[in-house]
Amino acid sequence: MPTEKDFTDVIYGLSRKRGFFWGPSPEIYGGTAGFYDLGPLGKLLKNRLEGQIRAAFVRANFWEVECPIVSPAVVWKASGHLEGFIDPVTRCTKCGQAYRADTLIEEEFPDAHIHGLSLEALTEKIQELGVVCPSCGGALGPVEQYNLMLRTRVGLDTEAYLRPETATTTYLLFKRLLTFFRHRLPASVFQIGKAFRNEISPRQGMLRLREFTQVEGQIFLLDSHEQDWAPFSGIADRRLPLLPYQLQESGTETPLDITVGEALDKGYFQTPAYAWCVHLAYSIFRDMGFGEDVMRLRQHLPEERAHYAADAWDVEIHTRSFGWVECCGVHDRGDYDLSRHQKYSKERLSVKVDKKPVIPNVLEIAFGVERPLYCLIDNAYVEDEERTWLRFPSPVAPIQVAVFPLMGKPELVGPAREIYNTLLNSGLVVYYDQGGSIGRRYRRQDEIGTPFCITVDYDTLEDHTVTVRDRDSMAQVRVKCSELTSTLHSLVRSETTFASLAADPT
RNA sequence: GCGGCCGUUGUCUAGGGGUUAGGAUGCAGGCCUUCCAAGCCUGUGGCCCGGGUUCGAUUCCCGGCGGCCGCACCA
């Protein structure tokens, strides 16, 4: 097994070689940091993850929508992203080093009142206080904006931005959604789509992208719903690995193992509805194939929270490449967003409660797909003296079944191709291979995580059975051709295990 | 964005001012082969991009792009 230091290289090497992801894109022009291409296997894997995510949201009674990626500036003024996404930056005139102007001033002069100051005022403040470059002592230049949103232009001169999150575009639909939901709250919607962040210097490849696919689920609800959340009873006894902020502040890294109900009683969660969302986020990541041992839920420290968040918990996944990785945020956004959009759009975004207008709250589950995608490959990678393989859970494996003739002889190739076509037509993603020795073909499939391989041999011609070979155990069991399709569908969906099939062959 | 190191076939790498740029592996075709990267033959494919120095640059210099590490950034 490679050391942790080299592990990233192992995953990137394998991904490049086998076609999971390539980049930075566009590679033939040297690439731009923060942009990656998905190869055929990466796209299959991502589709499977999105499929699991979509199914989980639908089961939880969320409805999917899709909004434009580009929105005019006013949307982002309203959402707060034009303020929140712009960092005041100052640059040393001598060594060129760039700093966040506000944090720099605060570090040296904690008592300076700089909150809410304009760029000009910050520039003046730096001169007034005599703040200089911490690394070389040179004079600092004027404070300018660094915008983390990608700007574009619509038509001739309409200022617009590529969305830095999908959530805001979902909120813009609120009036329409109210009609769709026949004015009944709570109402839950989600969106899966591209979002863009113009990171200053993205590193860590797939984990920090300038363009990525975001999944964001939103629940519109009232204060009363947050306390009286019917689905909560169904999950109150589920256990979660929780790392509340108080625990982190005391230096603990080991999460509590307590039930959702207990966590609520102890005040780690403010409301049953929010607790339910955290559990839903956790279960979505379970569905994507992460084991309990590599997952934990970490609460944001109060100073970590985003401009809109009243409370925030993250789903974190453990990787061999980077240790714990933040993969999903669960936010209580309160009525911040709808209030802002009501104010800026002058549209009524309230509902009537006891004949009074009330702006609903929003609970949000937000994550990018590329992070779990990377983490899943990272977690799936196994290497021993004999072989290298990806231990994807069958339901998310990119290629589900491979079909081989034992040798490239016509009498075996014919039936093997027939089986391949049958399986392909049944809806499975199947790979046919007759090149090289049978062992080499097994290894090829191991390395891309194909859970099951079918081999047609001379016995097949006699008794119409084939061997089904299990990726993880390398064990084989003979299955009748007539039952092959249904057996494989069942195996791939993890409805039956290979072990049980081996114990009770058809 | 700053500083340091780095950039050779698909992957891993050797080399180095004039080389047919070498190896391993992969991949393709063939022979062989009755279940786990066997063997043999043939083939495939490379010096990140742009300038400069030089008779000549993949090699040296400058810039760009990208990667890694540190600082900053990660709403």
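None of the values given here were measured: they were computed from a predicted structure.

Enquirer: Break down the overall build of chain A for me, with residues and values.
Expert: In terms of regular secondary structure, chain A is built from 19 helices and 26 strands. In terms of overall dimensions, chain A has a C-alpha envelope of 90 × 65 × 55 Å along the principal axes. Out of the 506 residues in chain A, the part that is buried amounts to 51%. Long-range contacts, defined as pairs at least 24 residues apart, comprise 65% of the intrachain contacts of chain A with a sequence gap of at least 6. Approximately 23,800 Å² of chain A is accessible, and the part contributed by carbon and sulfur atoms is 50%. Counting 56 positive and 69 negative side-chain charges, chain A places the centres of these two groups 5 Å from one another.

Enquirer: Explain the side chain of glutamine 248 to me, using residue names and the numbers behind them.
Expert: Checked against the element boundaries, glutamine 248 lands in helix 10 (residues 245-249). On the basis of relative accessibility, which here comes to 16%, the residue glutamine 248 falls in the buried class. A distance of 2.8 Å separates the side chain of glutamine 248 from the side chain of arginine 298, its partner in a polar contact. Dropping the residues within four chain positions of it, glutamine 248 is found in contact with Leu243, Arg298, Gln299 and Leu301.

Enquirer: Which residues make up the pairing of strand 19 (residues 361-368), and what values do they have?
Expert: Most of strand 19 is tucked away, with eight of its eight residues classed as buried. Side chains Asn361, Leu363, Ile365 and Phe367 of strand 19 all project onto a buried face; the interleaved residues Val362, Glu364, Ala366 and Gly368 project onto the opposite face, where all are buried too. Summarising the sheet, strand 11 (residues 211-221) and strand 19 pair through eight bridges and their orientation is antiparallel. Residue pairing in the sheet places glutamine 214 in a bridge with glycine 368 of strand 19. Note that strand 16 (residues 323-334) and strand 19 share six bridges and pair antiparallel.

Enquirer: Residue-level account of the environment of arginine 100, with values.
Expert: With respect to the helices, strands and loops of the structure, arginine 100 is situated in strand 6 (residues 98-100). The sequence separation of arginine 100 and valine 89 amounts to 11 residues, and the corresponding C-alpha distance is 4.6 Å.

Enquirer: So what about the sheet that holds strand 13 (residues 256-259)? Which residues, and what values?
Expert: The nine strands are arranged 3-10-11-19-16-15-14-12-13 in an open sheet whose pairing can be described as mixed. Each edge of the open sheet is held by one strand with a lone partner, namely strand 3 (63-65) and strand 13. Recorded for the sheet is a direction-independent mean angle of 30° between the axes of neighbouring strands. Here two bridges tie strand 12 (residues 239-243) to strand 14 (residues 295-299), and the two strands are oriented parallel to one another. Within the sheet, the bridge partner assigned to leucine 242 lies in strand 14 and is leucine 297. In this fold helix 2 (residues 40-59) packs onto strand 3, strand 10 (187-196), strand 11 and strand 19, with an angle of close to 160° to the strand it touches most, strand 10.

Enquirer: I'd like to hear about the nonpolar core, residue by residue, with values.
Expert: Membership of the largest hydrophobic core comes to 72 residues, with the highest contact counts inside it found for Phe285 and Phe392. The biggest single contributor to this core is helix 12 (residues 272-287), with 11 residues. Here this core spans two domains, since at least three of its residues come from each of domain 1 (7-70 + 156-378) and domain 3 (389-503). If you look at the next biggest cluster of nonpolar residues, it comprises 24 residues, including Ile419, Leu484, Leu488 and Phe498.

Enquirer: Quick rundown of the packing of helix 2 against helix 14 (residues 370-380)? Include the residues and the values.
Expert: Two numbers describe how helix 2 lies on helix 14: the axes approach to 10 Å, and their chain directions differ by 115°. As far as their axial angle goes, helix 14 and helix 2 are roughly perpendicular. Between helix 2 and helix 14 the crossing geometry is right-handed. Residue-level contacts link Gly42, Leu45, Lys46 and Leu49 of helix 2 to Glu370, Pro372, Leu373, Leu376 and Ile377 of helix 14.

Enquirer: Please provide a residue-by-residue account of the confidence of the model for chain A, values included.
Expert: With 90% of its residues at a pLDDT of at least 70, chain A reaches an overall mean of 90. What the predictor reports for the complex is a pTM of 0.90 with an ipTM of 0.92.

Enquirer: Mind laying out helix 14, listing which residues take part and the relevant values?
Expert: Helical periodicity: at 3.6 residues per turn, an α-helix aligns residues three or four positions apart in one direction. Most of helix 14 is tucked away: nine of the 11 residues are buried. Considered for burial, the residues of helix 14 that qualify are Glu370, Pro372, Leu373, Tyr374, Cys375, Leu376, Ile377, Asp378 and Ala380.

Enquirer: Give me the lowdown on the environment of arginine 286, citing residues and values where you can.
Expert: Of note, arginine 286 is situated in helix 12. Taking the C-alpha atoms as reference, arginine 286 lies 35 Å from threonine 465; in sequence the two are 179 residues apart. Once residues lying within four places of it in the same chain are set aside, the contact partners of arginine 286 are Glu292 and Met295.

Enquirer: If you had to explain the sheet that holds strand 8 (residues 151-154) to someone new, which residues and values would you point to?
Expert: Ordered by their spatial adjacency, three strands build an open sheet running 4-9-8, and the pairing between neighbours is antiparallel. Of all strands in the sheet, those with a lone pairing partner are strand 4 (70-72) and strand 8, marking the two edges. Direction aside, the axes of adjacent strands within the sheet are offset by 45° on average. With three bridges connecting them, strand 4 and strand 9 (residues 158-162) associate as antiparallel partners. Looking at strand 9, one finds that valine 70 is bridged to leucine 162.

Enquirer: Report on unusual backbone geometry, specifying residues and quantitative values.
Expert: Looking along the chain, the bond that leaves glycine 23 and enters proline 24 is cis, with omega of 0°. Along the chain, the position of proline 24 falls in the loop between strand 1 (21-22) and strand 2 (37-38). Here the bond from leucine 185 into proline 186 is cis, since omega is 0°, no more than 30 degrees from zero. Mapped onto the secondary structure, proline 186 falls in the loop between helix 8 (174-180) and strand 10. If you check the backbone angles, lysine 355 has positive phi at about 65° while not being a glycine. Relative to the assigned elements, lysine 355 resides in the loop between strand 17 (351-353) and strand 18 (356-358). What makes lysine 355 exposed here is its relative accessible area of 78%.

Rules of the game
Residues numbered from 1 in each chain as written. Chains lettered and ligands numbered in written order. Predicted model: local features only at pLDDT ≥ 70, side-chain atom pairs only at ≥ 80, totals over all residues. Heavy atoms only, no water. Helix = DSSP H or I, 4+ residues; strand = E, 2+ residues; numbered from the N terminus. Buried < 20%, exposed > 50% of the residue type's maximum accessible area, 1.4 Å probe, protein only. Contact = heavy atoms within 4.5 Å. Areas by Shrake-Rupley, 256 points an atom, 1.4 Å probe, with all protein chains shown as cover. Lys, Arg positive; Asp, Glu negative; His and termini not counted. Charge placed at Lys NZ, Arg CZ, Asp CG, Glu CD. Polar contact = N/O pair within 3.5 Å; in protein donor to acceptor, adjacent residues only side chain to side chain. Pairing = 2+ DSSP bridges. Axes fitted to C-alpha atoms, helices over the stretch in contact; angles between N-to-C directions. Core = buried A, V, L, I, M, F, W, Y, C linked by side-chain atoms within 4.5 Å. Domains from an automatic or database assignment. Parallel < 35°, antiparallel > 145°, perpendicular 65-115°, else oblique. Left-handed = near helix turned anticlockwise from the far one by under 90°. pLDDT = per-residue confidence, 0-100.

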